[in-house]
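Here is how the chains run, residue by residue.
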Amino acid sequence: MSSSCRRPEHIAPPEVFYNEEEAKKYTQNSRIIEVQNQMSERAVELLSLPEDQTCLLLDVGCGSGLSGDYLSEEGHHWVGVDISSAMLDVAVEREVEGGLVLADMGQGLPFRAGTFDGCISISALQWLCNADKKSHSPPRRLHSFFSSLYSCLTRGARAVFQIYPENSEQLELITAQAMRAGFTGGVVVDYPNSTKAKKFFLCLFAGVSGVLPKGLGSETAERGVSSQAHFTTQRLRYKGMKGKSVKKSKDWIMEKKERRRRQGREVRADSKYTGRHRRPHF
């Protein structure tokens, strides 16, 4: 498969992929700017902020500040977090109005409790589902991020993430860790029957459960296709997990095999039988 067809998070870690060249290209591409603006507008709409009120918002994976520009146009104050210094340098050159913080969201957010009235994130969260270093555990990093986000939001605030999940397992991993951190909410899918226009938005409620917004493309409801996926405040119970996969589960086995491969050990190839529970022999 050529690199042009691969997902960016499979090519390199975000701080490496978004180098100076990629950061400038990203910010100068009129198509990217238009799409970023549209998704930022939709994310703010899903936040359901009070009308005629200036809010302090968090932009996770803010990059060069394209989504922050929309927040400023709407009259809000904002703080952006990103792991790419090259992207933040471009944001400084563009003289964006928000504050900028260089940080790895997988290590938790460095803000006081109850700081923000809401949070948006455009095309960033799926990066946490990849282990770019030997020490990285996607479940642990997601839990660390969601726990710190829950803390720095005011009670009743919302967080909206536009994401590109690679598959249903990745989406389940993300929502499970959000639940463990205390969030409620669900996934809103815009235009679920369209290949190009289909967009996933993870809408989270901090402290107070709200009504999950409907996805755009009302014709899907008539066809019996759900544009929403709910989850509740009930936290998952694991035996001493703290972000780890259940021992002997398929995820646990796959993670162990991947660790051994990175260590240069000989590992059997994966198959459809990997992780299956076998019947006991008599």
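In case you missed it, the structure is sitting above this.
As the structure is a computational prediction, the values presented were derived from the model and not from experiment.

(A) Molecular detail of the overall build of the protein chain. The number of helices and strands found in the protein chain is 10 helices and 8 strands. Across the 282 residues in the protein chain, those meeting the buried criterion constitute 47%. Intrachain contacts of the protein chain at a sequence separation of at least 6 include 67% that bridge at least 24 residues. Approximately 16,000 Å² of the protein chain is accessible, and the part contributed by carbon and sulfur atoms is 48%.

(B) Quick look at helix α8 (residues 168-180). Between the first and last C-alpha of α8 there are 18 Å, a value that for 13 residues agrees with the 18 Å anticipated at 1.5 Å per step. Listed in full, the buried residues belonging to α8 are Gln-170, Leu-171, Ile-174, Thr-175, Ala-176, Gln-177, Ala-178, Met-179 and Arg-180. The backbone nitrogen of Glu-169 has a side-chain oxygen 3.3 Å away, supplied by the residue at the start of α8, namely Asn-167. Where α8 terminates, the next one or two residues include Gly-182, which has phi positive at roughly 110°.

(C) Geometry of the pattern of salt bridges. Applying the stated criterion to the full structure yields 6 salt bridges. One salt bridge in this structure joins Arg-42 and Glu-45, with 3.2 Å as the shortest N-O distance. Here the residue Arg-42 and the residue Glu-45 both occupy positions in helix α4 (residues 30-47), the gap between them amounting to 3 residues, near one helical turn. With relative accessibility at 7%, the residue Arg-42 sits in the buried group. Of the charged contacts in the structure, one is a salt bridge between Arg-42 and Asp-190, with a shortest N-O distance of 2.8 Å. Taken together, the positions of Arg-42 in helix α4 and Asp-190 in strand β6 (residues 184-190) put the pair 148 residues apart, joining distant regions of the chain.

(D) Layout of the nonpolar core. With 35 residues, the main nonpolar core has Leu-125, Phe-145, Phe-146, Leu-149, Phe-161 and Phe-183 as its most contacted residues. Broken down by secondary-structure element, the contributors of at least two residues to this core are β1 (56-60), β2 (77-82), β4 (116-122), α7 (138-152), β5 (153-163), α8, β6 and β7 (199-205). In terms of residue count, the dominant contributor to this core is α7 (6 residues). Once residues lying within four places of it in the same chain are set aside, the contact partners of Phe-161 are Cys-119, Ser-121, Leu-125, Phe-145, Phe-146, Leu-149, Phe-200, Phe-201, Leu-202 and Leu-204. Among the nonpolar cores identified, the runner-up in size contains 22 residues, and Val-35, Val-44, Leu-49 and Val-188 belong to it.

(E) Region of interest: the packing of helix α3 (residues 20-28) against helix α6 (residues 85-93). As a packed pair, α3 and α6 sit with axes 8 Å apart at the nearest point and diverge in direction by 45°. In terms of orientation, α3 lies oblique with respect to α6. For the element pair α3 and α6, the recorded crossing hand is right-handed. The segment α3 lies against α6, with Glu-20, Ala-23, Lys-24, Tyr-26 and Thr-27 engaging Ala-86, Met-87 and Val-90. Here the contact of α3 with α6 is built from residues that sort into 5 nonpolar, 1 polar and 2 charged.

(F) Region of interest: a positive patch on the surface. Among the surface-exposed residues, Lys-134, Arg-140, Arg-259, Arg-260 and Arg-265 lie close enough to one another that they form a single positively charged patch. Considering the arrangement of structural elements, one finds Lys-134 in the loop between β4 and α7.

(G) A look at the environment of Met-254. When you line up the elements, Met-254 lands in helix α10 (residues 250-262). Residue Met-254 is classed as partly exposed on the basis of its relative accessible area, which comes to 30%. It is 8.0 Å that separates the C-alpha atoms of Met-254 and Thr-274, two residues lying 20 residues apart in sequence. Discounting residues that sit within four places of it in the chain, Met-254 has contacts with Asp-270 and Thr-274.

(H) Structural context of the pairing of β2. Among the 6 residues in β2, 5 count as buried, and that is most of the element. This β-α-β element, β1 to helix α5 (residues 66-73) to β2, shows right-handed connectivity. Taken together, the 4 bridges between β2 and strand β3 (residues 99-102) define a ladder with parallel strand orientation. Of the residues in β3, the one forming a bridge with Val-79 is Gly-99. Note on the crossover from β2 through α6 to β3: the handedness is right-handed.

Rules of the game
- Residues numbered from 1 in each chain as written.
- Predicted model: local features only at pLDDT ≥ 70, side-chain atom pairs only at ≥ 80, totals over all residues.
- Heavy atoms only, no water.
- Helix = DSSP H or I, 4+ residues; strand = E, 2+ residues; numbered from the N terminus.
- Buried < 20%, exposed > 50% of the residue type's maximum accessible area, 1.4 Å probe, protein only.
- Contact = heavy atoms within 4.5 Å.
- Areas by Shrake-Rupley, 256 points an atom, 1.4 Å probe, with all protein chains shown as cover.
- Expected span 1.5 Å × (residues − 1).
- Polar contact = N/O pair within 3.5 Å; in protein donor to acceptor, adjacent residues only side chain to side chain.
- Salt bridge = Lys/Arg side-chain N within 4 Å of Asp/Glu carboxyl O.
- Core = buried A, V, L, I, M, F, W, Y, C linked by side-chain atoms within 4.5 Å.
- Axes fitted to C-alpha atoms, helices over the stretch in contact; angles between N-to-C directions.
- Parallel < 35°, antiparallel > 145°, perpendicular 65-115°, else oblique.
- Left-handed = near helix turned anticlockwise from the far one by under 90°.
- Nonpolar A, V, L, I, M, F, W, Y, C, P; charged D, E, K, R; others polar.
- Patch = residues over 30% accessible without salt bridge, like charges linked within 9 Å, V, L, I, M, F, W, Y side chains within 5 Å.
- Lys, Arg positive; Asp, Glu negative; His and termini not counted.
- Charge placed at Lys NZ, Arg CZ, Asp CG, Glu CD.
- Right-handed = clockwise from strand over helix to strand, strands pointing away.
- Pairing = 2+ DSSP bridges.

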